[in-house]
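So you can see what is in the structure, the chains are spelled out below.
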Amino acid sequence: MYLRKFSFTSSQSSMAFKVAFPDFQDNPSWIHVAETLYGDEEKWRAALNVPVVQEQEENSNERENDTTGDKLNPPSLQVYLSRILENPAVDEADQDSYDNALEWLKIYVLGNNPPAEEGNNNDATDATTDATTDAEDMEGLTLDTEHATTIVSGLPTSQKKIIHTILLEHVHPDYRSNSIPKKDFILWLTKKNAIRSYLFYKVVGLKALMDKRKISLKGKGGSKMDRIEALAGTLPDSQLANAATNARRRRKEEDEQLDPKDRAIKRILQWSFLPHQKGDEREHCSLGHRLEKPILKNWMKLLADDEFNGAVGLEAKSAYTAGLAAKKEMPYIKESIDFLVVVGNQDSLIPDEDEMEVWGFEAKGRVTSATAIEEEENFSSLFFDKHLCIKDFEMVQVVRKESERFQVLHHALVYDLNAVVIAISDAHSQIIRSAIIQFSQETKEHYKNVLKEMMEFSFKFLYQQPSTSSVLRREPVCVPENIMTVSEQVPNINGQEALQGTFNLFHALQSLPKPFPSFHRLIPAIYAFWNAVKGGLDTTTKLMDDCAVKVPHINCETVASTRCVMLVFVAVHRLFQLFTAQQNLNSYASLYHYRKASAKQTTFHQTLLECDALFKKKLKELKELAEKENVIDLVTLGGEGSCVQRRRQPSRRRIEGVLPEEVTFGTTLHELTPKRITRHVQMGKASNKIEDMVRTCTGMPMKAIKSEQQRCNYCRTMKTSWYCVGCKRWLCMDRRATAKNAKPLQLYSHNVKGKQFSFHKQCFHAAHEEAWCRIADNNDNGDESTTIGSL
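Residues numbered from 1 in each chain as written. Predicted model: local features only at pLDDT ≥ 70, side-chain atom pairs only at ≥ 80, totals over all residues. Heavy atoms only, no water.

With that out of the way, let us pick up the overall build of the protein. Regarding its fold elements, the protein presents 32 helices and 16 strands. In the form shown here, the protein has an accessible surface area of approximately 49,300 Å², with 51% of it arising from carbon and sulfur atoms. (Helix = DSSP H or I, 4+ residues; strand = E, 2+ residues; numbered from the N terminus. Areas by Shrake-Rupley, 256 points an atom, 1.4 Å probe, with all protein chains shown as cover.)

Attention now goes to the pattern of salt bridges. In this structure the tally under the stated criterion is 14 salt bridges. Lys364 is the salt-bridge partner of Glu362, the closest N and O atoms lying 3.4 Å from each other. Residue class for Glu362 comes out buried when judged on its relative accessible area of 3%. Across the pair Glu769 and Lys761 runs a salt bridge, and its minimum N-O distance is 3.0 Å. When its relative accessible area of 17% is taken as the criterion, Glu769 is described as buried. Among the residues examined, Lys761 registers a relative accessible area of 15% and is labelled buried. Because the salt bridges share partners, they merge into one network encompassing Arg366, Glu374, Glu375, Arg400, Glu404 and Arg433. (Salt bridge = Lys/Arg side-chain N within 4 Å of Asp/Glu carboxyl O. Buried < 20%, exposed > 50% of the residue type's maximum accessible area, 1.4 Å probe, protein only.)

Moving on, we get to the sheet that holds strand E13 (residues 729-730). The strand order E9-E12-E13 describes an open sheet built from three strands, whose pairing is antiparallel. A strand with exactly one partner marks an edge of an open sheet, and here the two such strands are strand E9 (701-703) and E13. As paired elements, strand E12 (residues 722-724) and E13 share two bridges and run antiparallel to each other. What sits directly across from Tyr723, in E13, is Trp730. (Pairing = 2+ DSSP bridges.)

Our next topic: the environment of Thr720. Inspection of the secondary structure assignment puts Thr720 in strand E11 (residues 719-720). For Thr720, a relative accessible area of 5% corresponds to the buried category. Between the C-alpha atoms of Thr720 and Ala704, which are 16 residues apart in sequence, the distance is 9.1 Å. In this structure the side chain of Thr720 is engaged in a polar contact, spanning 3.1 Å, whose partner is the backbone nitrogen of Trp722. From its side chain, Thr720 meets the backbone oxygen of Leu731 in a polar contact 3.1 Å long. (Polar contact = N/O pair within 3.5 Å; in protein donor to acceptor, adjacent residues only side chain to side chain.)

Time to look at the packing of aromatic side chains. For the structure shown, the criterion picks out 28 aromatic pairs. With a centroid separation of 5.8 Å and an interplanar angle of 65 degrees, the aromatic rings of Phe17 and Phe406 are classed as edge-to-face. In this pair, Phe17 is assigned in helix H1 (residues 10-20) and Phe406 in helix H20 (residues 402-414), connecting sequence segments 389 residues apart. Between Phe24 and Phe457 the ring centres are 5.8 Å apart and the planes differ by 25 degrees, which places this aromatic pair in the stacked class. Remark: Phe457 occurs in helix H21 (residues 441-458) and Phe24 occurs in the loop between H1 and helix H2 (28-38); sequence separation between them is 433 residues. Comparing Phe24 with Phe457, the two get one shared label, buried. Joined through ring pairs, the aromatic side chains of Phe6, Phe273, Tyr332, Phe459, Phe461, Tyr463, Phe503 and Phe506 make up one cluster. One cation-aromatic arrangement involves Arg196 over Trp188; the distance from NZ or CZ to the ring centre is 4.4 Å. (Phe/Tyr/Trp six-rings, centres within 6.5 Å; stacked < 30°, edge-to-face > 60°. Lys NZ or Arg CZ within 6 Å of the ring centre and 35° of its normal.)

Once that is clear, we can look at the nonpolar core. Of all hydrophobic cores here, the largest spans 64 residues; its most connected members are Phe17, Leu269, Phe459 and Phe503. Those residues within four positions of Phe503 in sequence are excluded, and the remaining contacts are Phe6, Phe459, Phe461, Leu462, Val477, Val479 and Ile483. (Core = buried A, V, L, I, M, F, W, Y, C linked by side-chain atoms within 4.5 Å. Contact = heavy atoms within 4.5 Å.)

Moving on, we get to the packing of H1 against H2. It is the contact of H1 with H2, at a shortest axis distance of 12 Å, that shows an interaxial angle of 115 degrees. Crossing of H1 over H2 shows left-handed handedness. Listed contacts from H2 to Phe17, Lys18 and Ala20 of H1 are Trp30, Val33, Ala34 and Tyr38. Grouping the constituent residues of the contact of H1 with H2 by class yields six nonpolar, no polar and one charged. (Axes fitted to C-alpha atoms, helices over the stretch in contact; angles between N-to-C directions. Left-handed = near helix turned anticlockwise from the far one by under 90°. Nonpolar A, V, L, I, M, F, W, Y, C, P; charged D, E, K, R; others polar.)

This brings us to the packing of H2 against H20. Axis separation between H2 and H20 bottoms out at 10 Å; the angle between their running directions is 120 degrees. Considering the angle they form, H2 stands oblique to H20. In the packing of H2 onto H20, the handedness of the crossing is right-handed. Contacts between H2 and H20 involve Val33, Leu37 and Tyr38 from the first element and Glu402, Arg405, Phe406 and Leu409 from the second. Partitioned by chemical class, the residues of the contact of H2 with H20 number five nonpolar, no polar and two charged. (Parallel < 35°, antiparallel > 145°, perpendicular 65-115°, else oblique.)

Here we take up the pairing of strand E4 (residues 339-345). Of all seven residues in E4, six are buried; the element is thus mostly enclosed. Pairing geometry for strand E1 (residues 314-320) and E4, over six bridges, is antiparallel. Within the sheet, the bridge partner assigned to Ser318 lies in E4 and is Val342. Bridge count between E4 and strand E5 (residues 357-365): five bridges; the pairing is antiparallel. Bridge assignment links Phe339 to a residue of E5, and that residue is Phe361.

Residue pairs spaced three or four apart in an α-helix point in one direction, given the helix's 3.6 residues per turn. In this model helix H9 (residues 157-169) runs 18 Å from its N-terminal to its C-terminal C-alpha over 13 residues, within 8% of the 18 Å that 1.5 Å per residue would give. Turning to H9, its buried residues number three or more, namely Gln159, Ile162, Ile163, His164, Ile166, Leu167 and Leu168. Lining the buried residues of H9 we find helix H5 (77-86), helix H6 (95-110) and helix H10 (182-190). (Expected span 1.5 Å × (residues − 1).)

A separate point is H1. Of all eleven residues making up H1, eight are buried, and the element is well covered by its neighbours. Along H1, the residues classified as buried are Ser10, Gln12, Ser13, Ser14, Ala16, Phe17, Val19 and Ala20. Looking at the buried residues of H1, the elements they touch are H2, helix H15 (260-272), strand E3 (330-335), H20 and H21.

This next bit is on the state of the cysteines. Here, disulfide denotes a covalent bond that connects the sulfur atoms of two cysteines. All chains considered together, the criterion is met by zero disulfides. Left unpaired, Cys727 is separated from the closest cysteine sulfur, that of Cys724, by 3.4 Å. Overall, the relative accessible area of 0% leaves Cys727 in the buried class. (Disulfide = S-S within 2.5 Å.)

This brings us to the confidence of the model for the protein. Looking at the protein, pLDDT values average 79 and 81% of them are 70 or higher. Model confidence for the protein, summarised as mean pLDDT per element, is weakest for strand E16 (residues 787-790) at 34 and strongest for strand E7 (residues 419-425) at 94. Under a pLDDT of 50 for its full length, residues 54-69 has, in the predicted model, 20 contacts with residues more than four places off or in other chains. Contacts of residues 783-791 to residues separated by more than four positions or lying in other chains number 14 contacts, the stretch itself having pLDDT below 50. (pLDDT = per-residue confidence, 0-100.)

Burial within E7 is extensive, with seven of its seven residues counted as buried. Here E7 shows two buried faces, one formed by Ala419, Val421, Ala423 and Ser425 and the other by Val420, Ile422 and Ile424. The pairing of E5 with E7 spans six bridges and is classified as parallel. Bridged to Gly365 within E7 is Ser425.

The next subject is the side chain of Gln12. Topologically, Gln12 is positioned in helix H1. By relative accessible area, which is 2% here, Gln12 ends up buried. A polar atom in the side chain of Gln12 sits 3.2 Å from the side chain of Thr9. Beyond its immediate stretch of four places on either side in the chain, Gln12 contacts Arg4, Phe6, Ser7, Ile268, Trp271 and Ser272.

Rendered as structure tokens:
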């Protein structure tokens, strides 16, 4: 990561090349690279924002082509009027009106003086003769509304018509207004040139310009004037839709204040301190890396099947991956290529080294449906073959993205390759198209010169050989003032101190002998110190958290107990790794090598499985031992065949202050009591023991605590808390309500101390009445017969 910073990789060189080109547009190497990457002169000038040098011809058709141009890239109003003044029309019917209209526009667009009084127009013309020298920076002459109304009312009709025509021609026909009303013409005089350039656009044209420049407004889009002010850059930030638009505009304003070389330095710093990827962007990048090998395999099959017209009879013998590599004797040029492919003839099984050639391979995945469809549509519009073998100057027609053109050219330079392959696929590694690009030595030399010049004006101080005394004293790198100033505009750097420290680290790494070892474990010193003193807490937590089986957490005691048990298992795992390691621990080169070897011996999951098997084995042994001891006790106590039951002391808890006791006076059965015991007895389905128990029971009522209720076994309608221990039935003992009760009300009448009382007859009484009567009949000394009355 650190060695890639402040170097010229493909992405950094592409950004720096584009912004620094205006300062090197007369350099042959820069022009050659621009033609290779962007096409002919007209295309690379448009792509690199370099003005086109045109011969001045007095031709109205040429002027019309220049003024219309691209729909969404019209020249500013000042530049447009300057071109008309340089090439005025000669075929106008009223030449005087046309000239007067031009002079009128020249005063208000290119001049800063008020118009001269009538009869003194020559002086006004002389005052604005030099106004075209720097047209882009002119704000134009603005008037108040009252003065503008007076000026518009005094213009001759023919002159006003010509002015309207010239102003409307500045806008593309698809987006211009049909005419200019008087109120808009007055408004035009009251605004500056930045707003005048967009004042006569239709709303659809303003929307198209805003979409191209990625400008959006809050709410439903705002009024027409809001759109114009947003395009002119005069609308307050609070009315724009998001902070990203404001940030882009601020960055653009900051860039305009820097010269091309400083802008190039800023781009390199931005690409040296990139933020971490998040969300879909990170996922798509990871998927693209996973697709590299499948794309390579599919392309190798295409090469073996002779799908490329210029590469018949070749096949890929082998492919190799490579890390970050720097150009020999040019350490500031670095690149990480996907694969290096060894290509040879198909017929030769063991080819000679002279017959084989090394190609670079760059795999690109269009992992979303939108990018894949866009690539397919772009390919179908070119009318090319799906797989091509081309020269470097044809690359601009085949490879759509300029960043990918820079990338393959960078591969060819760093590894000195004659050919680089770029293969583009969808998310399923199916190749959409591919190209074998052959680079000439001339192109690589020119590109090398370009990168050398970019290094010299940007980070030359980093690649100079330090003196021996400065290395011994560990002096910090002396950073130029302009780089420190530019770094303030890059928020990801996080201050000049962070930039100075990164420069020092980069310079120290560059001074080390090459090649470098693996940098996977290269971390900041403060992190390394913490890792050395903190112990293995993080690793222990990770082992426990990655365990597939989780103990359910009920309360804090369960969590603590589970944690302690898992810590024991982690300790067992570490001990197992230690005892299975080599006897002489000094045979390991470092602690890292010991940990790596221990991780290969066993994993924490395997240790848990071993512990599980050990516990099951131990449990089985304990069960077998317990069974043997049981048999010995039985033989000792009662001999063979004796059945001795062991009783355990029950856990007795007080209920409302009373210890519950087991019932010893109730009936004991050796079979299960049926739930509907009364019905079973009436239907004759009950066993003899249960029938006798019910017939002879005279009632042993007990009330359940805490109002626990069950449905009555006699009436099957009400719920009761009373239970008869004698006949094992739940029976009603209370009548809860006298009104609206479906049960018939039955009463007993009985003499008590010579006075007659009435009592409720409940299910408990009805269930045991037969037994009571039978006992009364058999008892010679019984009381009077009981009379039953019902209501």
